[in-house]
Amino acid sequence: MIKVGIIGATGYAGGELVRILSGHKNVKIVWYGSRSYIDQKYADVYRNLFQIVDAVCMDDNMEELASLVDVIFTATPQGFCASLMKEEILQRTKIIDLSADFRIKDVNVYEKWYGIEHKSPQFIEEAVYGLCEVNREQIQGARLVANPGCYTTCSILTAYPLAKEGLIDLNTLIIDAKSGTSGAGRGAKVANLFCEVNENMKAYGVATHRHTPEIEEQLGYASGKDVVLSFTPHLVPMNRGILATEYAKLTRDVTWEEIRAVYDQYYQKERFIRVLDQGVFPETKWVEGSNYLDVGFQIDSRTGRIIMMGAIDNLVKGAAGQAVQNMNLMFGQKESEGLELVPMFP
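Now for a look at the structure at hand. (Residues numbered from 1 in each chain as written. Predicted model: local features only at pLDDT ≥ 70, side-chain atom pairs only at ≥ 80, totals over all residues. Heavy atoms only, no water.)

1. Brief notes about the overall build of the chain
Across its full length, the chain holds twelve helices and 13 strands. In terms of overall dimensions, the chain is globule-like: its C-alpha atoms have a radius of gyration of 20 Å, near the 20 Å expected for 346 residues. Expressed as lengths along the three principal axes of its C-alpha atoms, the size of the chain is roughly 60 × 45 × 40 Å. Across the 346 residues that make up the chain, the buried fraction comes to 55%. Across the chain, contacts joining residues at least 24 apart in sequence account for 71% of those joining residues at least 6 apart. In the structure as shown, the chain presents an accessible area of about 15300 Å², 49% of it carried by carbon and sulfur atoms. (Helix = DSSP H or I, 4+ residues; strand = E, 2+ residues; numbered from the N terminus. Rg over C-alpha atoms; globule rule 2.2 N^0.38 Å. Buried < 20%, exposed > 50% of the residue type's maximum accessible area, 1.4 Å probe, protein only. Contact = heavy atoms within 4.5 Å. Areas by Shrake-Rupley, 256 points an atom, 1.4 Å probe, with all protein chains shown as cover.)

2. Side note on the layout of surface pockets
The space that makes up the largest pocket amounts to roughly 1400 Å³. In terms of lining residues, the largest pocket is bounded by 48 residues, among which Pro77, Gly183, Ala184, Gly185 and Arg186 are the most central. Looking at the lining of the largest pocket, the elements that each hand over two or more residues are α1 (12-21), α8 (150-164) and α12 (316-330). When residues in the lining of the largest pocket are grouped by element, the largest group, three residues, is from α1. Looking at the lining of the largest pocket residue by residue, the classes come out as 18 nonpolar, 23 polar and seven charged. Estimates place the volume of the second largest pocket at around 520 Å³. The wall of the second largest pocket is formed by 25 residues, among which Tyr12, Thr181, Ser182, Asn239 and Leu315 lie closest to the centre. Taken together, the elements giving at least two residues each to the lining of the second largest pocket come down to α1 and α9 (194-197). Considering every element that reaches the lining of the second largest pocket, the biggest residue donor is α1, with four residues. When the residues that make up the lining of the second largest pocket are grouped by side-chain class, the tally is nine nonpolar, ten polar and six charged. (1 Å grid on protein atoms, 1.4 Å probe; cavity = no way out; pocket = protein on both sides within 12 Å on 5 of 7 lines; lining within 4 Å. Points joined across faces, edges and corners; volume = space filled by probe spheres on them. Nonpolar A, V, L, I, M, F, W, Y, C, P; charged D, E, K, R; others polar.)

3. Quick notes on the packing of α8 against helix α11 (residues 256-267)
Where α8 meets α11, the closest approach of the two axes is 9 Å, and the angle between their N-to-C directions is 105°. Our classification of the angle between α8 and α11 gives roughly perpendicular. In contact with Leu157, Thr158, Tyr160, Pro161, Leu162 and Lys164 of α8, α11 contributes Ile259, Val262, Tyr263, Tyr266 and Tyr267. (Axes fitted to C-alpha atoms, helices over the stretch in contact; angles between N-to-C directions. Parallel < 35°, antiparallel > 145°, perpendicular 65-115°, else oblique.)

4. With respect to the pairing of strand β10 (residues 242-250)
Here strand β7 (residues 168-179) runs beside β10; their pairing, made up of eight bridges, is antiparallel. Residue pairing across strands places Ile168 opposite Leu250, the latter belonging to β10. In this sheet, strand β13 (residues 305-312) lies alongside β10 in antiparallel orientation, the contact comprising eight bridges. Bridging from a neighbouring strand, Ala248 pairs with Ile306 of β13. (Pairing = 2+ DSSP bridges.)

5. Observations regarding the packing of helix α7 (residues 132-140) against α12
Each pair of packed helices can be summarised by the angle the axes make with each other and by the distance between the axes. Orientation of α7 relative to α12, taken along the N-to-C sense of each, is 35°, at an axis distance of 9 Å. Seen from above, α7 lies across α12 with right-handed handedness. On the side of α7, the interface is formed by Cys132, Glu133, Arg136, Ile139 and Gln140, while α12 contributes Lys317, Gln322, Gln325, Asn326, Leu329 and Met330. Residue composition of the contact of α7 with α12, by class: four nonpolar, four polar and three charged. (Left-handed = near helix turned anticlockwise from the far one by under 90°.)

6. Some details on the pairing of strand β12 (residues 293-300)
The element β12 is extensively covered by neighbouring structure, given that six of its eight residues are classed as buried. When strand β11 (residues 273-275) meets β12, the two strands line up parallel, connected through three bridges. Residue pairing in the sheet places Ile273 in a bridge with Leu293 of β12. Here eight bridges tie β12 to β13, and the two strands are oriented antiparallel to one another. Across the sheet, Asp300 pairs through a bridge with Arg305, a residue of β13. With antiparallel pairing between neighbouring strands as the criterion, β12 and β13 make up a hairpin whose turn holds four residues, including Gly304 at a positive phi of roughly 75°.

7. A word on the pattern of salt bridges
One pass over the structure, following the stated rule, counts 18 salt bridges. A network of salt bridges, in which partner residues are shared, links Glu16, Arg19, Arg240 and Asp313. (Salt bridge = Lys/Arg side-chain N within 4 Å of Asp/Glu carboxyl O.)

8. Some details on the packing of aromatic side chains
Any aromatic ring pair is given by two values, namely how distant the centres are and how the planes are angled relative to each other. As enumerated under the stated definition, the model contains ten aromatic pairs in all. Aromatic side chains Trp286 and Phe345 sit 4.8 Å apart centroid to centroid with 15° between the ring planes, which places their arrangement in the stacked category. Placement of Trp286 in the loop between β11 and β12 and of Phe345 in the segment after α12 is noted, with a sequence separation of 59 residues between them. By relative accessible area, which is 55% here, Phe345 ends up exposed. Taken together, the ring pairs in this structure connect Trp256, Tyr263, Tyr267 and Phe297 into an aromatic cluster. The positively charged end of Lys94 is found above the aromatic ring belonging to Phe331, 5.9 Å away from the centroid. Above the ring of Tyr292, the side-chain terminus of Arg274 is found at 4.2 Å from the ring centroid. (Phe/Tyr/Trp six-rings, centres within 6.5 Å; stacked < 30°, edge-to-face > 60°. Lys NZ or Arg CZ within 6 Å of the ring centre and 35° of its normal.)

Here you go:
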């Protein structure tokens, strides 16, 4: 039995971790950390877990927690995990960090885009980027995993096979992505009020969104080249979901069947990536509540471009589900354990 502690258990990603891990046959959650709700019943915060979770919220003492559990999930704001990370902690437990603290290998890039000082840069090189379908072998032996974010997971995996095979010019890549409001977190913000979001769609972080360098870095590893791309996120009035539509110049003439063969080469055996049939394109509704990524594409022979599309649930494959997938790899579990979640409809 894997003993688990969660810091940030009452945020949306933390709540999703609890929901998923409650159905994992080899996990026991022993610490529900939440600075905002210390000593309150967890099921009073998330009543969907009434009579399922009988525990109270505890604090965020990582040092104490490290001696009690096999793995700690930190579903916390940027800077928190890095501020507490010590070698003594990693010697006692494993860490899966859902923030961006250890995702970007260049600390100067991290500090520029996130606007904060990195408190433990000595662990950046060791941290494994937790994109399971790409870094599976490294994750299996990791002490510290940097769990990718929702936009980045969807954007990277949608283009990854074509980037790896050199079929797209990555410096022409434009990513237009939409997210449900849960991606902004559970904190109270005027911009996320119902009246602000409902019947509205808006772009934000235009040319400045902090996930941009993460996507560039990972697609750079795939292609072996420096990558500069355009990434524009949008907020849409739905609870869950990411839809990324990506445009790039093809490097040579190809048929639909050739592109499909490349996607199949990389993803045919992947449990949680579904490459759609010709003429069928991803929709957020068809992955909601699941750990799936749906991928589709269309060649535009008139412009010499390819249009790639991906859809995920931002709280599952884009956060908690992927974190559990990483945990399964780190502890030699069946990779899909606890994640056999059929998408919800409607």
